[in-house]
Amino acid sequence: MIAKYGGQQGEQNNRILSAESSFSDVTALNGQAPIPDMLITGQEAAASGAAEPTPQAVLPTAAGETGAESSLSINSSRQTTKSTLYEQMRKECERIEENLLRARREVYLQADVAFLMQRSDTELSNLQIAQAKEIKEKIESFEKNMKGRSERKETKKFQRTSVRRTKYRDMLILKQQTISKAATAIRLTVVEQREAFDNLMAHVKAIHEQQRIDEAAALERKLDFEKSINDLEIVSQPDEVKSALAKMFQVRQTHQRALNKRINEHLREVQMVEVRHVKEKFDLERNCAEEAGNLKVLHAARIAEQIEAHVLEMNNEKERLQAEHEAKKQVLITHLHQVEVKRLQHAHRLALRNMKSEQEQRLAAFKHQRLSGNGLGTGVGSISSKLTSKMASRQESNADIDDASSDRSSQVSASPSRIAAGINGITPASSTFGGTRRSGNGSHTPTGSHISEDDDIRSTHSDDSRTHRVNAIASLVAKQRQEKTNLMATLKAEMTELEQSHSAQMGEMEEEQRLELEKLVMEQREELELLRALQEKEILVEQSVHEAEMVTMVERRVLNSVFASVNDGIINTTSDGTITRFNPAAVEIFGYTAAEAIGQNVSILMPDDIAKDHNRFILSYMNTGIKKVVGKSRRLEGKCKNGEIFPMQLSLSEVKEQDEHLFTAVARDLTKKVQLENEIREKEELEQRELQKLIGELDVTKAKTEDLLSQMLPRSVANQLMDGKQVTPQTFDNATVFFLDVVGFTTMCASMHPTETVSLLDAIYNTFDEVIQKYDAYKVETIGDSYLIVSGIPTPNGDRHASEIATLALEIMSKVHLFQFERNPSLKLRVRIGLNTGPVVAGVVGTKMPRYCLFGDTVNTGSRMESTSQPMRIQISESTCAMLKAAGGFQIVDRGEIDVKASCVLRAVLGKGKMRTYFLNGKENFPFELPSQ
């Protein structure tokens, strides 16, 4: 039984086994003499001139001709000679041996071919492993380089951050030092001002003290001069006259000393006022200096904060640009690495393809060599040597590829500063392998165009990146410079305003001090004049008394005439109060005649309570000698004969004559003086009432101002602004805005005089304002012929804002329909109205002329509702329509979808395009006439 093998190698082995089996069968027949049928068949085949069978067909022929034809061959061969039979057997054996050798050569050939193919597979596998390892190493090297690059960048970033933090700390320290120096300078300035004030106060006090000394010395010199002159005057007079004149001079001197004392007191009061004024001025200057210093410190802090913010902003911008540049650079490096990997993979594929081609050529040459008849010993050794040489050449080629790749990688990693950030400009076509050329042996080698392209990319991006960063930094520097300029202008304006305020305060204080000092001097002058007049009168009284003492009782007539000549009432009384003399002036003052008064008690001239006190004081003086009323002038009330009470001034003096106490009372009617004082007091009260009236008028003016401000701004917002509070913007979840525009207003203005245009707008706005007052709505602003009204702002009103605005719009439409302009009755006014409902943000904009403004998509959409409406129609949005339908009673018509035109930017932001809108035509039970739709 012949074993069967599978595959090509098994088929060859089967052939060899078949040939060996046939040869064994022939040998067995030769020893046993039987003639097998296959030999006879072979002989007959040879004799008949048939073609020699191929080695593959030998066994099938020997085995296949054992059928019906074998019996015929055996019968015919019996007639041949035995020698011919053996000869044929020899030839057959030789042929079989030749076929056996040929089959063995073919088996050896197949074994060599299998060995070569296995060797080729091993080479390919090794090459693929080496290529994969090379790519892996390249990728690992790239990743390692990128990781190292990232670490270096992070280190540099940390270093930059550390340096910036250090600079920032230095900046903060410098800022604190600057503020501390400013505060120290302010303190030193305050100390210097305090020292200067102390020196000034010391100087003022010294001057005042010297003025008082000089004034006292001057007054004393005046007294001395008068005394010397009086001594010269009376030196030649008789002794009695000399004594009387000396007493009169003594009285004058007493009055002059009292006047001088009062003058000194006035001077002291003026000096005290001056000192107070100096202190007030110093306090104001100090406060102004402190405010200016604090403002300068605040300005310095604001400038430092702005510089700090600018530095931080510049650092952040530089860091952002550096990060952007680094990101683009990493993208470019990664891209170049991917390109290199693709090139390397392409080279590997070419190497594999070349190796497979070389292996196929080598295998074909080997088969041809073996089949051409060369001996068995010519294949394996030559194959090994050729394989060794091919492997060496391939390794050299791979080494060259590795060297080129490593050079390329090192070139990329060694020059990171040249890598561009403009990777976005590189198209996918730039990463193809169009830059390779095919060499003579069919391989592809990279050309120099890739390097030039990469260099161009790097240089182009480097220029673009540098330009981009320079432009970004330049724009930021320009912006910061503008911000600094604006801040300096603001600070300068604030300082100028503060200086002006200080100057105004100083001027007001100086004016108030001047007026106060003038008033004080005037009051002192009036007081001195009044005192001088009183002293003159007292001197006259004293003079009269002394003159009366000069004459004897014989000269009573002269004395009476003197008594009669004075304007003050003179009353002489005894110690018990009995009246002994009553001059005409006293008669005129009290209404009693001299006969009626003499002999009566002095108490009849005073009210009861004052008379009791007077008698008690006189009795006390007589008992104790303590003068409470004697020798003094006092102000009290007198009593006339008719019982009328009047003010008077009473001066009581004592004369001792022969151990008897006689008292002389000088009474002066102060009715006119009191009336003058009352007139002055009434005048002051009148001035006070006028001042109260002015304050009331000021309150009315303030109320008008507040009312006017409430018309410009909402009352709640106006109250916050008047209280000095900051008005924060508010967000209202739901409100309805009203936009109105006069159709053809520009054309109307062109045909009118400007005054007529203003009159027309005034008439229109007055009409609209009257309508607005009826509803819960607020007029936001008017710009030319445009009108903006809102409901639900600033005071939310629930869901009533839509119906309020809709009813207001219908009434305004009715007013416009019936509107007639007095200067041009033929003028027909037409308007467009648009309504929209939604969330709105409201706030105050500006400080010099604050305005209450609305912001948000709802306002913009409402404006578009007005601009896309039709003349004499009210166009509303879907949101307003929904709220009006919910309220009920409104006549609404669907207009359909319209193109709400807007600018490209606004449309991109707001997403406006096609919108469904509606027309508001009326309202149930609406009392006003509306235009026909």
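By the naming in an unreviewed UniProt entry, the chain is guanylate cyclase, taken from Polyrhizophydium stewartii. UniProt's Sequence similarities (unreviewed entry) comment on the chain is quoted here verbatim: "Belongs to the adenylyl cyclase class-4/guanylyl cyclase family."

Let's shift gears to the overall build of the chain. Summing up its helical and strand segments, the chain has 20 helices and 15 strands in all. In the chain, buried positions account for 35% of the 933 residues. Within the structure as shown, the chain displays about 55000 Å² of accessible surface, and the carbon and sulfur contribution to it stands at 54%.

Following Ile793, the chain continues into Pro794 via a peptide bond in cis, with omega recorded as -5°. One non-glycine residue, Met872, lies in the positive phi region at around 60°. Mapped onto the secondary structure, Met872 falls in the loop between α18 (857-867) and β13 (873-876). Judged by relative accessible area, which is 13%, Met872 ranks as buried. A positive phi angle is found at Asn925, which is not glycine, with a value near 60°. In this fold, Asn925 is placed in the segment after β15 (914-923). Among the residues examined, Asn925 registers a relative accessible area of 80% and is labelled exposed.

Across all of its chains, the model carries eight aromatic pairs by this definition. Both rings, one in Tyr621 and one in Phe663, keep their centres 6.4 Å apart while their planes meet at 75°; by these two values the pair is edge-to-face. Placement of the pair is Tyr621 in helix α12 (residues 608-624) and Phe663 in strand β7 (residues 660-669), with a sequence separation of 42 residues. Owing to a relative accessible area of 2%, Phe663 belongs among the buried residues under this scheme. Ring pairing ties together the aromatic residues Phe582, Phe590 and Phe646, which thus form one cluster.

Here the focus is the UniProt feature "coiled-coil region" (unreviewed entry) in the chain. Under the feature "coiled-coil region" (unreviewed entry), the UniProt entry names residues 304-361, 481-537 and 666-693. Along residues 666-693, the helical share is 82% and the strand share 14%, with 45 Å between the first and last C-alpha atoms.

Right, let's get into the nonpolar core. Within the largest apolar cluster, 43 residues are counted, with the highest numbers of intra-cluster contacts made by Phe738, Ile789, Leu808, Ile812, Ile833 and Ile874. Broken down by element, this core gets its largest block of residues, nine residues, from helix α17 (residues 801-817). In contact with Ile833, not counting residues within four places along its chain, are Phe738, Phe739, Leu740, Ala809, Met813, Met865, Glu866, Ser869, Arg873, Ile874 and Gln875. Ranked by size, the runner-up nonpolar core spans 27 residues in total, among them Phe590, Tyr592, Met606 and Leu650.

Further remarks concern the side chain of His801. With respect to the helices, strands and loops of the structure, His801 is situated in helix α17. Residue classification places His801 among the buried residues on the basis of a relative accessible area of 0%. At 3.5 Å, the side chain of His801 and the backbone oxygen of Gly798 are in polar contact. In this view, His801 contacts Asn734, Ala735, Thr736, Ser791, Gly792, Thr837 and Met883; residues no more than four positions away in its chain are not counted.

Structurally, the position occupied by Leu517 is in helix α8 (residues 449-550). Residues Leu517 and Val270, spaced 247 residues apart in sequence, show a C-alpha to C-alpha distance of 7.4 Å. With sequence-adjacent residues up to four places away left out, Leu517 is seen in contact with Val270, Val273 and His277.

What follows deals with the packing of α17 against helix α19 (residues 878-887). What describes two packed helices is the angle between their axes and the distance between those same axes. In the contact formed by α17 and α19, the axes pass within 9 Å of each other and the chain directions differ by 95°. Classified by the interaxial angle, the pair formed by α17 and α19 is roughly perpendicular. Within the contact between the two elements, α17 uses His801, Ala802, Ser803 and Ala806 and α19 uses Met883, Leu884 and Ala887. When its residues are assigned to classes, the contact of α17 with α19 shows five nonpolar, two polar and no charged.

Moving on, we get to the pattern of salt bridges. Enumeration according to the criterion identifies 37 salt bridges in this entry. Glu516 is paired through a salt bridge with Arg276; the nearest N and O atoms lie 2.1 Å apart. Pair noted here: Glu516 is in helix α8 and Arg276 is in helix α6 (residues 239-371), with a separation of 240 residues, a long-range link. Among the salt bridges present, the one from Lys281 reaches Glu510, with a minimum N-O distance of 3.8 Å. Pair noted here: Lys281 is in helix α6 and Glu510 is in helix α8, with a separation of 229 residues, a long-range link. By relative accessible area, Glu510 is classed as partly exposed at 38%. The network of salt bridges with shared partners includes Glu317, Arg320, Glu324 and Lys328.

Right, let's talk about a negative patch on the surface for a bit. Residues Glu523, Glu526, Glu529, Glu679, Glu682, Glu684, Glu685, Glu687 and Glu690 make up a contiguous surface patch of negative charge. If one sorts the elements of the negative patch by residue count, helix α13 (residues 671-712) sits on top with six residues. Summarising the element assignment, Glu685 is placed in helix α13. According to the relative accessible area criterion, Glu685 is partly exposed, its value standing at 39%.

Turning our eyes to something else, we now look at the pairing of strand β10 (residues 786-791). The buried fraction of β10 amounts to five of the six residues, a majority that puts the element mostly inside the structure. By the bridge criterion, six bridges tie strand β8 (residues 730-742) to β10 in an arrangement that is antiparallel. Directly across from Val737, in β10, lies its bridge partner Val790. Bridge count for strand β9 (residues 778-783) against β10 is five bridges, and the pairing is antiparallel. Bridging across to β10, Thr782 finds its partner in Tyr787.

Looking now at the environment of Phe249. Locating Phe249 in the fold gives a position in helix α6. Sequence separation between Phe249 and Glu226 is 23 residues, and the spatial gap between their C-alpha atoms is 8.9 Å. In this structure, Phe249 is in contact with Leu223, Glu226, Lys227 and Asn230, ignoring residues within four places of it in sequence.

This paragraph deals with the side chain of Gln256. Within the secondary structure layout, Gln256 lies in helix α6. We classify Gln256 as buried; its relative accessible area is 15%. Residues in contact with Gln256, not counting those within four places in the same chain, are Lys222 and Leu223.

What follows covers the packing of helix α16 (residues 754-772) against α17. For the pair α16 and α17, interaxial distance at closest approach is 10 Å and the crossing angle is 145°. In the packing of α16 onto α17, the handedness of the crossing is right-handed. Mapping the contact onto sequence places Thr767, Phe768, Val771 and Ile772 in α16 and Leu808, Glu811, Ile812, Lys815 and Val816 in α17. A class-by-class count of the residues in the contact of α16 with α17 yields six nonpolar, one polar and two charged.

Here is what the cut-offs are and how they apply
- Residues numbered from 1 in each chain as written.
- Predicted model: local features only at pLDDT ≥ 70, side-chain atom pairs only at ≥ 80, totals over all residues.
- Heavy atoms only, no water.
- UniProt positions renumbered as here; feature names shortened; annotations may be inferred.
- Helix = DSSP H or I, 4+ residues; strand = E, 2+ residues; numbered from the N terminus.
- Buried < 20%, exposed > 50% of the residue type's maximum accessible area, 1.4 Å probe, protein only.
- Areas by Shrake-Rupley, 256 points an atom, 1.4 Å probe, with all protein chains shown as cover.
- Phe/Tyr/Trp six-rings, centres within 6.5 Å; stacked < 30°, edge-to-face > 60°.
- Core = buried A, V, L, I, M, F, W, Y, C linked by side-chain atoms within 4.5 Å.
- Contact = heavy atoms within 4.5 Å.
- Polar contact = N/O pair within 3.5 Å; in protein donor to acceptor, adjacent residues only side chain to side chain.
- Axes fitted to C-alpha atoms, helices over the stretch in contact; angles between N-to-C directions.
- Parallel < 35°, antiparallel > 145°, perpendicular 65-115°, else oblique.
- Nonpolar A, V, L, I, M, F, W, Y, C, P; charged D, E, K, R; others polar.
- Salt bridge = Lys/Arg side-chain N within 4 Å of Asp/Glu carboxyl O.
- Patch = residues over 30% accessible without salt bridge, like charges linked within 9 Å, V, L, I, M, F, W, Y side chains within 5 Å.
- Lys, Arg positive; Asp, Glu negative; His and termini not counted.
- Charge placed at Lys NZ, Arg CZ, Asp CG, Glu CD.
- Pairing = 2+ DSSP bridges.
- Left-handed = near helix turned anticlockwise from the far one by under 90°.

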